[in-house]
Structures are given as C-alpha cells and as structure tokens.
Amino acid sequence: MKRQSFFLLLVAAGLAGGAAWAQLHPSTLEYPDEVFEPRKAERASLSNGMLVFLVENHEIPIVSVQAFVRAGSVYDLPGKEGLAELAAKSMRAGGTKRWKPEVLDEELEQRAVKLSVDMEEEMLWVGVEALKKDFEWALSVAADVLRNPAFRTGPVKVEKGKMLDWVWRRWDYPRVVASHKFGELVYGKQSPWARYETEESLERISQKDLRDFHRRVFVPENILLGAYGDFKPEAMLQKLEEAFGDWEPREAVLPELPKVEDRLARRVYYIPRTNLKQTSIRIGHLGVNRHDPDIRRIEVMNHIFGTSMSSRLFMKVRSEKGLAYSVGGGVRDGLDRGTFSVGCSTKPETTVEAIEAILVEIERLRVEPPTEEELLRARRSTVNSFVFQFEGASDVLWKSIENHFFGYPEDYWDTYLEKIRAVTAEQVLDMARRHMNPEKTVILVVGDEAKFDKPLSTLGEVTTLSLE
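(A) Inspection of the side chain of serine 341 at higher detail. Mapping serine 341 onto the fold places it in strand S12 (residues 339-346). Judged by relative accessible area, serine 341 falls into the buried class, the value being 14%. Engagement of the side chain of serine 341 in a polar contact is seen with the side chain of arginine 332, the distance being 3.5 Å. Those residues within four positions of serine 341 in sequence are excluded, and the remaining contacts are Phe182, Ile283, Gly284, Gly328, Gly329, Gly330 and Arg332.

(B) Structural detail: the side chain of asparagine 57. In this fold, asparagine 57 is placed in the loop between strand S2 (51-56) and strand S3 (62-69). A distance of 3.0 Å separates the side chain of asparagine 57 from the backbone nitrogen of glutamate 59, its partner in a polar contact. Dropping the residues within four chain positions of it, asparagine 57 is found in contact with Gly229, Asp230 and Ala393.

(C) Here's a closer look at the nonpolar core. Within the largest apolar cluster, 64 residues are counted, with the highest numbers of intra-cluster contacts made by Ile283, Met301, Ile358 and Met436. Broken down by element, the residue count for this core peaks at eight residues, all from helix H12 (residues 351-367). Discounting residues that sit within four places of it in the chain, methionine 301 has contacts with Val331, Leu365, Val428, Met431, Ala432 and Met436. With 55 residues, the next largest nonpolar core counts Ala71, Leu83, Ala88 and Ala142 among its residues.

(D) Main features of the pairing of strand S7 (residues 267-272). Direction of pairing for S7 relative to strand S13 (residues 442-447): parallel, over a ladder of six bridges. Following the sheet pairing, arginine 267 is matched in S13 by valine 442. Relative to strand S14 (residues 462-464), S7 runs parallel, the two sharing three bridges. When the sheet's bridge partners are listed, tyrosine 269 is paired in S14 with threonine 463.

(E) Structural detail: the sheet that holds S13. Read from one edge to the other, the open sheet built from six strands follows the order S10-S12-S8-S13-S7-S14, with strand pairing classed as mixed. Each edge of the open sheet carries a strand with a single partner, namely strand S10 (327-331) and S14. For this sheet the average axis-to-axis angle between neighbouring strands, irrespective of direction, equals 15 degrees. Direction of pairing for strand S8 (residues 279-286) relative to S12: antiparallel, over a ladder of eight bridges. Within S12, the residue paired with isoleucine 281 across the bridge is cysteine 344. On top of the sheet, H12 reaches S8, S10, S12 and S13; it is set at about 30 degrees to S8, its chief contact.

(F) Helix H16 (residues 425-435), seen in detail. All buried positions along H16 are accounted for by Ala425, Val428, Leu429, Met431, Ala432 and His435. For H16, the angular spread of buried residues about the axis comes to 160 degrees, placing them on one side.

(G) Quick look at the sheet that holds strand S6 (residues 223-229). Here we have six strands laid out as an open sheet, ordered S1-S2-S6-S3-S5-S4, and mixed in their pairing. Lying at the two open borders of the sheet, with one neighbouring strand each, are strand S1 (42-45) and strand S4 (114-119). Recorded for the sheet is a direction-independent mean angle of 15 degrees between the axes of neighbouring strands. Contacting S4 and strand S5 (124-131), helix H2 (residues 83-93) crosses the sheet at an angle of about 170 degrees to S4.

(H) Here's a closer look at the packing of H12 against H16. Relative to each other, H12 and H16 sit at 130 degrees, their axes nearing to 7 Å. In terms of orientation, H12 and H16 fall into the oblique class. Together, Leu365, Arg366 and Val367 of H12 and Leu429, Ala432 and Arg433 of H16 make up the contact between the two elements.

(I) Spatial organisation of helix H6 (residues 174-187). Compared with the 20 Å implied by 1.5 Å per residue over 14 residues, the 20 Å span of H6 between its first and last C-alpha is a close match. In terms of burial, H6 is a largely internal element, 12 of the 14 residues being buried. Elements that come into contact with the buried residues of H6 comprise helix H5 (153-169), S7, S8, S12 and S13.

(J) Examining the pattern of salt bridges more closely. Taken as a whole and assessed by the stated rule, the structure comprises 40 salt bridges. The partner of glutamate 261 in a salt bridge is arginine 263, and the shortest N-O contact between them spans 3.7 Å. Put simply, glutamate 461 and arginine 267 hold a salt bridge, and the shortest N to O gap is 3.0 Å. With glutamate 461 in the loop between S13 and S14 and arginine 267 in strand S7, this pair connects stretches of sequence that are 194 residues apart. For glutamate 461, a relative accessible area of 56% translates into the label exposed.

(K) Quick peek at the packing of H2 against helix H8 (residues 207-217). Their axes nearest at 10 Å, the elements H2 and H8 cross at an angle of 90 degrees. Considering the angle they form, H2 stands roughly perpendicular to H8. Between H2, through Leu83, Ala84, Leu86, Ala87, Ser90 and Met91, and H8, the contact on the second element is made entirely by Asp209, Leu210, Phe213, His214 and Arg216. Its residues assigned to classes, the contact of H2 with H8 shows seven nonpolar, two polar and two charged.

(L) Examining the pairing of S3 more closely. Along S3, seven of the eight residues are buried, which leaves the element largely enclosed by surrounding structure. When S3 meets S5, the two strands line up antiparallel, connected through eight bridges. The partner of phenylalanine 68 across the bridge, within S5, is tryptophan 125. Bridging between S3 and S6 involves seven bridges; their strand directions are antiparallel. Paired with phenylalanine 68 across the bridge in S6 is leucine 224.

(M) Looking closely at the packing of aromatic side chains. Overall, the coordinates contain 20 aromatic pairs when judged by the stated rule. Relative to phenylalanine 386, the ring of phenylalanine 36 lies with its centre 6.0 Å away and its plane at 90 degrees, an arrangement referred to as edge-to-face. Taken together, the positions of phenylalanine 36 in the loop between helix H1 (2-23) and S1 and phenylalanine 386 in helix H13 (residues 372-387) put the pair 350 residues apart, joining distant regions of the chain. What makes phenylalanine 36 partly exposed here is its relative accessible area of 24%. Centre to centre, the rings of tyrosine 270 and phenylalanine 452 are 6.1 Å apart; their planes meet at 75 degrees, and the pair counts as edge-to-face. Of the two residues, tyrosine 270 sits in strand S7 while phenylalanine 452 sits in the loop between S13 and S14, which places them 182 residues apart along the sequence. Residue class for tyrosine 270 comes out buried when judged on its relative accessible area of 7%. The buried category is assigned to phenylalanine 452, whose relative accessible area is 9%.

Calculation rules
- Residues numbered from 1 in each chain as written.
- Predicted model: local features only at pLDDT ≥ 70, side-chain atom pairs only at ≥ 80, totals over all residues.
- Heavy atoms only, no water.
- Helix = DSSP H or I, 4+ residues; strand = E, 2+ residues; numbered from the N terminus.
- Buried < 20%, exposed > 50% of the residue type's maximum accessible area, 1.4 Å probe, protein only.
- Polar contact = N/O pair within 3.5 Å; in protein donor to acceptor, adjacent residues only side chain to side chain.
- Contact = heavy atoms within 4.5 Å.
- Core = buried A, V, L, I, M, F, W, Y, C linked by side-chain atoms within 4.5 Å.
- Pairing = 2+ DSSP bridges.
- Axes fitted to C-alpha atoms, helices over the stretch in contact; angles between N-to-C directions.
- Arc of directions from axis to C-beta.
- Parallel < 35°, antiparallel > 145°, perpendicular 65-115°, else oblique.
- Expected span 1.5 Å × (residues − 1).
- Salt bridge = Lys/Arg side-chain N within 4 Å of Asp/Glu carboxyl O.
- Nonpolar A, V, L, I, M, F, W, Y, C, P; charged D, E, K, R; others polar.
- Phe/Tyr/Trp six-rings, centres within 6.5 Å; stacked < 30°, edge-to-face > 60°.

Below, the structure written as structure tokens:
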C-alpha cells in the first residue's frame with residue numbers, strides 16, 4: 001500500500017511538473033539583461049609620444065607585442081598597387097640589417113617564437129609572441145624588424161614572384177572576379193577602395209619604393225604599440241621604452257584619400273565565363289561611414305536580413321528554395337563609406353531565379369517590419385556574441401586598439417549592449433528603407449549566360465564587362 005501511494009505521488013508530481021514545463025517553451029522564456037562591462041587595456045605613452053596599450057594576463061607564460069601602423073592597401077600610391085602588401089611580406093621574409101633572413105628564421109624556430117607581419121586595407125601590423133623566458137630577445141627582434149628592415153634583393157624578388165603568381169591565377173576564381181569587379185562598380189575603378197595590384201603595378205615597385213614606404217609610414221606618431229600576456233605593466237613599459245623610446249618622432253606621409261562619390265544607378269553587369277559549375281552573384285551599392293549614428297540599428301537589421309543562419313536570406317534563398325549553398329549580406333561600414341552587398345553562388349540554371357529571390361527579400365525588409373521573434377532573436381544573438389569579443393587578453397587588446405585607431409569615443413563599447421537592446425522593429429524597417437536602395441543597386445553576374453534559366457535582360461539593361 002505504501003509503495004502504491006508513493007507511485008501515485010510520483011505520477012501526480014510528474015503531471016504537475018509536465019504541465020509547468022509545457023508552459024515554459026524556450027521561445028517564451030524571459031531572461032534578465034546581462035550585465036557586462038567590457039575590459040579595457042591600460043594606456044600609457046613612451047617618452048617619444050608612442051601610445052602603448054597593455055593587457056596583463058598571467059594564465060600562461062606567454063607574452064606578445066603588436067605594432068599597428070596606419071598603412072594598408074588603400075594608401076598605395078597610384079600605379080604602385082600592391083606596395084603595402086609587398087612591403088609587409090618583404091619585412092617578414094627579408095630579415096633586418098642585423099639579421100640575415102635564414103639565420104633569423106632558424107633562431108625563431110629554435111626558440112618557438114612567432115613573428116608575423118601582415119596588412120589589410122587600412123592597417124599593417126608587426127607582431128611577436130614568445131615564451132616569457134625568451135620575450136626580451138623576441139622584443140629586440142620585433143623592434144629591429146619595425147625599425148630596420150633590410151628589403152634584401154632575393155627575398156623581395158621571391159615575395160614579388162608569389163604575388164605575381166596570384167595575379168596571373170586570380171581570374172580563375174569566379175568569386176574573386178565578382179569581389180574585385182563589384183568593388184570597381186561601387187567605388188569607381190580608380191578609387192583606393194577598389195584598386196588592386198596588377199602585373200604592371202608590381203613590376204614598377206622597386207626596393208627604393210619599399211624603403212621610401214617604410215621611411216614615410218613607420219614613424220612613432222603613426223604606430224600604436226600593444227602588449228598582452230604574462231608581465232607587469234610597469235616592467236613592460238620600461239622594456240618598450242628601451243626598445244622604442246629613442247625612435248625620433250616624425251610626421252607620417254600618407255596620400256590623401258579622395259572622398260567616395262555616390263553615383264550609382266540600378267544596372268545589371270555581366271562578366272562572361274564559360275564552363276563554370278556555379279554562377280557568382282553580387283548585388284548592392286555603397287554602405288555607411290563607420291561613425292554613422294545608425295550603426296547599432298543597422299547591426300540588428302543585418303542579423304535579420306542576411307548575416308546569420310536564421311536570417312531571411314538564408315532561410316528563403318537557401319533553406320526554403322534551395323537556390324544556393326551559401327548566401328548572405330548586409331550593410332557594412334567603412335572609413336568613408338562601406339558597402340551594402342549580397343553575395344551568392346548558384347547553379348547556372350537558377351541564376352535569375354536566385355537574383356529575383358534576393359531582390360524580393362531586400363524589398364520585403366523595406367516594407368515588412370521584422371516579427372517580434374525575429375527581432376528578439378537578432379538582439380539576443382548580437383548581445384550574446386558580444387561578450388566573446390572580449391574573451392581573451394588578445395581580444396581586449398584588439399578592441400582597445402581598434403577603439404583608438406578608428407577614432408571611436410571612449411565609451412564606444414560601454415554603451416553597445418544598451419543600444420542593441422533598444423532597437424525596435426520600426427527602426428529596423430527605417431534602416432532598410434534608408435540604407436538599402438533598389439534604385440542604386442547594381443547586379444553583377446559572373447557566369448555562362450547560355451545556361452541561365454532566363455536572360456539577364458529580364459532584370460534590366462545589361463552591360464557586359466571584360467576582365468581587362
């Protein structure tokens with residue numbers, strides 16, 4: 001009897017618990033707003049004015065120092081596109097006036113020190129990472145690479161050869177074709193944001209150009225130093241002072257960047273390529289400045305539109321219609337103007353259908369506000385992923401450097417969560433209407449029109465482009 005009563009009690013409790021659980025579907029759960037204060041790097045200056053950012057972390061005995069230089073591809077001199085990239089590659093491969101490259105590489109390998117030099121559009125950076133016991137040696141190497149690169153003939157020739165090899169092969173990749181030509185259409189062929197290295201521009205770059213480049217941009221006022229890892233800030237500051245403090249301050253000489261002009265009108269562009277299994281598509285126009293006050297509202301809009309696996313683009317074009325394995329896009333910011341772009345690869349036989357599906361989703365976002373579920377998911381996902389951007393010491397350092405490099409206000413990241421949580425459905429609709437403009441949208445198609453499901457002319461007037 002006692003066992004039967006106990007069983008009945010369990011059943012009753014289970015039914016009661018099940019009823020309560022049934023009411024708590026995950027989509028209905030409400031969470032308290034997460035409180036998160038982004039960590040910031042300590043900031044200091046050397047005697048010559050170089051700004052330093054430090055993040056102390058004693059979890060593992062590793063120390064890293066990074067130098068960020070305002071000197072990316074957009075600052076390449078006209079006619080010498082590829083200069084910043086070749087300089088970065090040659091600085092890493094060519095050794096210094098003190099270190100021959102083969103000797104330096106052997107020393108780096110024996111000490112397990114990672115030395116890297118790389119660049120992107122607006123920035124070039126030199127970084128070194130080493131065990132704490134080898135850090136002083138690694139720092140001396142990094143300082144030498146920054147201040148005294150040799151640009152030796154042999155390594156420069158090898159690196160230029162690698163870049164030429166890519167230039168000769170890059171049009172074999174339809175996505176690369178689409179990416180480069182979309183940039184030309186949106187910014188203009190002569191814009192620093194659209195230019196790219198060619199065989200001619202690389203051949204024009206001499207060792208003197210590389211040395212001049214280094215002399216123009218590698219000056220203390222144009223460099224931000226950062227360090228993270230197992231050190232005490234006071235001790236690290238002293239070591240950086242010893243390595244860089246005697247570097248004479250000079251003003252960097254960078255070419256002035258022309259203002260981006262918005263002259264786009266809707267048009268279809270076609271680049272013929274035969275025997276392709278996939279058509280590459282780019283759709284869009286100019287985006288926004290990185291200091292645009294709409295930037296957080298745009299971020300939520302992007303999540304709903306095309307930067308997540310739950311976005312409308314992904315769900316409609318890929319999951320529902322099965323037109324592409326990958327599709328995505330959104331409004332991006334830039335130093336002057338970023339881009340609004342959608343990218344997609346699809347079978348030739350579904351080319352126009354895929355473009356039409358993308359255009360429908362662009363228009364839908366302009367007329368139909370997001371559902372409560374879409375908005376809630378976008379805000380939560382953006383908030384939840386934000387905290388991981390400050391997960392490690394290197395992340396904290398990068399966010400602090402980024403803040404200063406891009407000229408953001410001091411509280412830029414402090415107010416991030418509050419602004420994301422405040423975005424409304426009406427604001428998302430407003431962002432789509434203001435920053436996605438069908439009248440200025442260019443449609444670029446790289447593929448074999450003979451295999452397309454419909455003529456491209458059904459989308460509008462078509463201009464055929466060549467790769468020359």
